[in-house]
Amino acid sequence: MKIIQSGRMLKIYDDSMTVGDFIPAKTYVIRYDNQNGFYLQSVDDMGVSEKMYGSHIKKAEKVMRSFEAFERSLGVILSGDKGIGKSMFARHLSEQAIAALMPVVRVDRYYPGIASYIDDIKQECMVFFDEFDKVFAKHDDFDPQ
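I will try to describe carefully the structure that is included in this document. (Residues numbered from 1 in each chain as written. Predicted model: local features only at pLDDT ≥ 70, side-chain atom pairs only at ≥ 80, totals over all residues. Heavy atoms only, no water.)

## Regarding the sheet that holds strand E3 (residues 27-33)
Here's step 1: Pairing is mixed in the open sheet, where four strands are placed in the order E4-E3-E5-E6. Both edges of this open sheet fall to strand E4 (37-43) and strand E6 (126-129), since each of them pairs with a single strand only. Between one strand axis and the next, the sheet turns by 35° as a mean value, whatever way the strands run.
Here's step 2: Pairing of E3 with strand E5 (residues 104-107) involves three bridges; the strand directions are parallel. Its bridge partner lying in E5, Thr27 is registered against Val104.
Here's step 3: Strands in contact with helix H2 (residues 86-99) are E3, E5 and E6; relative to E6, the strand with the most contacts, it is inclined by about 160°. (Pairing = 2+ DSSP bridges. Helix = DSSP H or I, 4+ residues; strand = E, 2+ residues; numbered from the N terminus. Axes fitted to C-alpha atoms, helices over the stretch in contact; angles between N-to-C directions. Contact = heavy atoms within 4.5 Å.)

Structure below.
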């Protein structure tokens, strides 16, 4: 039996419960339900299975070097015509993040309050907004803070 106390509330879990100070370097999606609130759900990593052409590898390395050099958040927007390799680049970049021991958090659904939840993650990680314009544009109450 494991007991977790948060404020005045205690929750009892079975022995499969583990507690840590950092999110392990894997891929996750953000989920929400009324009973548990926000949580990260582990999913398969987004690895690249096909051969990469062009400058994707060099660009991903540049992003990772820039991230290490900055003392603030780094954002990368992938845009362009369909078929130019945006998804492949994002998958390769996620592999690089995991290799650097950073978790990858894929945001593929909108939930009210999701921006605050993401802001509560206090470790270096890659937050990947999948199809941002399709997922978030239709929500009038989305407030990125």
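And the narrative resumes.
## Section: the packing of helix H1 (residues 56-69) against H2
Here's step 1: The N-to-C vectors of H1 and H2 enclose an angle of 45°; their axes lie 10 Å apart at closest approach. Relative to H2, the element H1 lies oblique. For the crossing formed where H1 meets H2, the hand is right-handed. Residue-level inspection shows His56, Ile57, Lys59, Ala60, Val63 and Met64 of H1 in contact with H2, the latter providing Met88, Phe89, His92, Leu93, Gln96 and Ala97.
Here's step 2: Residues belonging to the contact of H1 with H2 are distributed by class as follows: eight nonpolar, three polar and one charged. (Parallel < 35°, antiparallel > 145°, perpendicular 65-115°, else oblique. Left-handed = near helix turned anticlockwise from the far one by under 90°. Nonpolar A, V, L, I, M, F, W, Y, C, P; charged D, E, K, R; others polar.)

## Quick look at the side chain of Arg31
Here's step 1: With respect to the secondary-structure elements, Arg31 resides in strand E3.
Here's step 2: Within the structure, Arg31 has its side chain in polar contact with the side chain of Asp108 (distance 2.9 Å).
Here's step 3: The residues contacting Arg31, other than those within four sequence positions of it, are Gly37, Phe38, Tyr39, Gln41, Asp108, Arg109 and Tyr111. (Polar contact = N/O pair within 3.5 Å; in protein donor to acceptor, adjacent residues only side chain to side chain.)

## So, the packing of aromatic side chains
Two aromatic rings, taken as a pair, are described by how far apart their centres are and by the angle between their planes.
Here's step 1: Tallied over the full model, the rule gives four aromatic pairs.
Here's step 2: When the ring of Phe38 is compared with that of Tyr111, the centres are 6.1 Å apart and the planes differ by 85°; the resulting orientation is edge-to-face. Of this pair, Phe38 sits in strand E4 while Tyr111 sits in the loop between E5 and helix H3 (114-119), and the two are 73 residues apart along the sequence.
Here's step 3: Of the residues examined, Tyr111 reaches a relative accessible area of 12% and is grouped as buried.
Here's step 4: An aromatic cluster is defined as three or more aromatic residues linked by ring pairs; in this entry it consists of Tyr32, Phe38, Tyr111 and Tyr117. (Phe/Tyr/Trp six-rings, centres within 6.5 Å; stacked < 30°, edge-to-face > 60°. Buried < 20%, exposed > 50% of the residue type's maximum accessible area, 1.4 Å probe, protein only.)

## With respect to a nonpolar patch on the surface
Here's step 1: A contiguous nonpolar surface patch, about 450 Å² in accessible area, is contributed by Met1, Ile3, Leu10 and Ile12.
Here's step 2: Assignment of secondary structure puts Leu10 in strand E2 (residues 9-13). (Patch = residues over 30% accessible without salt bridge, like charges linked within 9 Å, V, L, I, M, F, W, Y side chains within 5 Å. Areas by Shrake-Rupley, 256 points an atom, 1.4 Å probe, with all protein chains shown as cover. Salt bridge = Lys/Arg side-chain N within 4 Å of Asp/Glu carboxyl O.)

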